[in-house]
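Tertiary structure, described
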Amino acid sequence: MRVLIVDDEPLARLRLKRLLNESHPHFLVIGEAQNGAEALTLAKMHLPQVVFLDIEMPLMNGLELAEQLNLFKIPPALVFITAHTNHALAAIQTVPTGYLVKPLEAEALAKVIASLGKLNRAQLESQKEASIQYQLGSNTRQLLVSEVLYIEADDKFSKVFHHGGEVLLDTSLKQLELKYPQQLLRIHRKILINQNKLDALFNTEQGLFVSLTGLDKRLEVSRRESKKVKLLFQTQ
């Protein structure tokens, strides 16, 4: 699960990261920010699934950040971490998944993380297997996202390579990345992969490459995306 940590105190960020690494290795920290403005930029870029955020921060505080994150098409889960319990009511109004008080304790963190896995009925309905619609002649067809291997930018279109062949979409990679953040992962400016198909990493003289289950060729990972891909592979 992709995590963004937001706190203007470096030691607080370090402690949370250490607790996650020690006891919750399936949580991948894909970024850290020291204020809300910086965090919003990172969230738009990496689409975290969970954001741990302080409340009192410069430039944009945690409550203001939460309001912006809740506007995302698929908002991340929000967990507030603060030393000031008087902010609790205001924080609750942003509908967070959890609320933790500093100094952060491992047991309290574990309880909040356990709650992240408890889905209500509306969430279960929304997590039915996702599919991509595409046109084949005059007919509208559907392709399960789980069948996708990777998607490549092709001029103004996106070419989807799947187990049964390939289809062309009149949709940008960015739109697909935003719509299916749990399944699709950007590894290059022109390539999204189905992260559930990630099989192996290859560090060569020509650069970093990935192999996918069901795909014969390797795909290049850009330098910009390499750290994120390596971290994801380590947590699988």
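Further up the page is the structure itself.
This text gives an overview of the structure that appears in the document. Going along each chain's sequence as written, the residues are numbered from 1 onward. The model is predicted, so local features are restricted to residues of pLDDT at least 70 and side-chain atom pairs to those at 80 or more, both for listing and for counting; the totals for chains, interfaces and linings are taken over all residues. For side-chain calculations, the full set of non-hydrogen atoms in the structure is used, while hydrogens and water are omitted.

**Quick look at unusual backbone geometry**
The bulk of non-glycine residues show a negative phi, and the bulk of peptide bonds are trans. Short version of the rule: Where helices and strands are cited, they refer to DSSP runs of H or I of at least four residues and of E of at least two residues respectively, numbered from the N terminus. Exposure classes here rest on a 1.4 Å probe applied to the protein chains alone. A residue is buried below 20% of its type maximum, exposed above 50%, and partly exposed in between.
Residue Lys102 is joined to Pro103 through a cis peptide bond whose omega torsion reads -5 degrees. Within the secondary structure layout, Pro103 lies in the loop between strand E5 (98-101) and helix H5 (106-116). The phi dihedral of Leu59 falls on the positive side, at around 70 degrees, and the residue is not glycine. Tracing the backbone through its elements, the reader meets Leu59 in the loop between strand E3 (50-53) and helix H3 (62-69). On the accessibility criterion, Leu59 (74% relative accessible area) is exposed. A positive phi angle, close to 60 degrees, is found at Asp155, a residue other than glycine. Among the residues examined, Asp155 registers a relative accessible area of 73% and is labelled exposed.

**Examining H5**
So the rule is basically this: The arc under discussion is defined with respect to the helix axis, by the directions toward the C-beta atoms.
Every buried residue of H5 is accounted for by Leu109, Val112, Ile113 and Leu116. Relative to the axis of H5, the buried residues are bounded by an arc of 100 degrees and lie together on one face. Opposite the buried face of H5, by more than 90 degrees, sit the exposed residues Glu107 and Lys111.

Purely geometric numbers; function is a separate question.
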